[in-house]
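Coordinates in review
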Amino acid sequence: MKRVAVLISGRGSNLGSLIDAADSSYKIILVISNIDGAAGLERARAAGIPTTVVPHAGKTREVFDAEVDQVLRAADAELVVLAGFMRILSDGFVRGWEGRLINIHPSLLPAYKGIKVHERVIEAKESKSGASVHFVVPELDAGPVIAQASVPVHPSDTPQMLADRVLAVEHNLYPEALKLLASGKVKLQSGLAVFA
Ligand code: GAR
């Protein structure tokens, strides 16, 4: 059973789905937030999971990341899961957790990296969008994809409507992808996601 730490910045609905879906392959042993008062922290506490707040204000990226790294290592975390964690991590941190660090992004990567995804998808009149779980590499949202799920985009969609539709599939996708990683069914090898 892999010891998993989840990093959040906000609502934590993906954290909630990961908590609810935990099986014998992983256990969430810690939730870290850079935002004191993030709603997801309450979700963790309600499930009896220890939480730590590491504020980022006034710190360089390297100092913040080193503090997070120290908290993760002190907790003996084996896998790190980003779930609505809205900070870019430094190359050093990412390299230190290479192959053990994953993220969920609300687009069909490699399309629509970065922010304001749903606005841009609608603007481009795409007919489908979705969510991707990927290994984190130093380049933003560029790591090898572990799993994806797609949703239709309707001409009448607002960004919020599309965000809600994507979020609903995220809640199944993320636990599935984490289980693949935690049970050794997918690995990062030579920059590729390799499936057993
Ligand atoms: C999710 O839609 C996730 O894909 C997105 O933030 C939301 C977090 O929701 N992540 C990113 O945009 C990362 N760049 P949650 O806090 O309810 O899990």
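Before reading on, note that the structure itself is shown above.
Residues numbered from 1 in each chain as written. Predicted model: local features only at pLDDT ≥ 70, side-chain atom pairs only at ≥ 80, totals over all residues. Heavy atoms only, no water.

Side chains that differ in charge, positive against negative, can pair when their charged atoms come close. Counted by the stated rule, this structure contains six salt bridges. For Asp 20, the salt bridge goes to Arg 43, with nearest N and O atoms at 2.8 Å. Here Asp 20, found in helix H1 (residues 13–21), pairs with Arg 43, found in helix H2 (residues 39–46); they are 23 residues apart in sequence, far enough to count as distant. Its salt-bridge partner being Lys 179, residue Asp 23 comes within 3.9 Å of it at the nearest N-O pair. A residue pair is termed long-range when its members are at least 10 positions apart, and Asp 23 in the loop between H1 and strand E2 (26–33) and Lys 179 in helix H6 (residues 159–182) qualify at 156 residues. (Salt bridge = Lys/Arg side-chain N within 4 Å of Asp/Glu carboxyl O. Helix = DSSP H or I, 4+ residues; strand = E, 2+ residues; numbered from the N terminus.)

Of all hydrophobic cores here, the largest spans 40 residues; its most connected members are Val 6, Ile 28, Val 31 and Ile 102. Counting residues in hydrophobic clusters, the runner-up holds 20 residues, among them Phe 64, Ala 75, Ala 77 and Val 136. (Core = buried A, V, L, I, M, F, W, Y, C linked by side-chain atoms within 4.5 Å. Buried < 20%, exposed > 50% of the residue type's maximum accessible area, 1.4 Å probe, protein only.)

In terms of residue burial, E2 counts as a mostly covered element, since seven of its eight residues are buried. Bridge count for strand E1 (residues 2–8) against E2 is seven bridges, and the pairing is parallel. Each residue of the ladder has a partner; that of Val 4, found in E2, is Ile 28. Of the pairings in the sheet, the one linking E2 to strand E3 (residues 51–53) comprises three bridges and is parallel in character. Bridge pairing in E3 places Val 31 opposite Thr 51. Read as a crossover between parallel neighbours, the route from E2 over H2 to E3 is right-handed. (Pairing = 2+ DSSP bridges. Right-handed = clockwise from strand over helix to strand, strands pointing away.)

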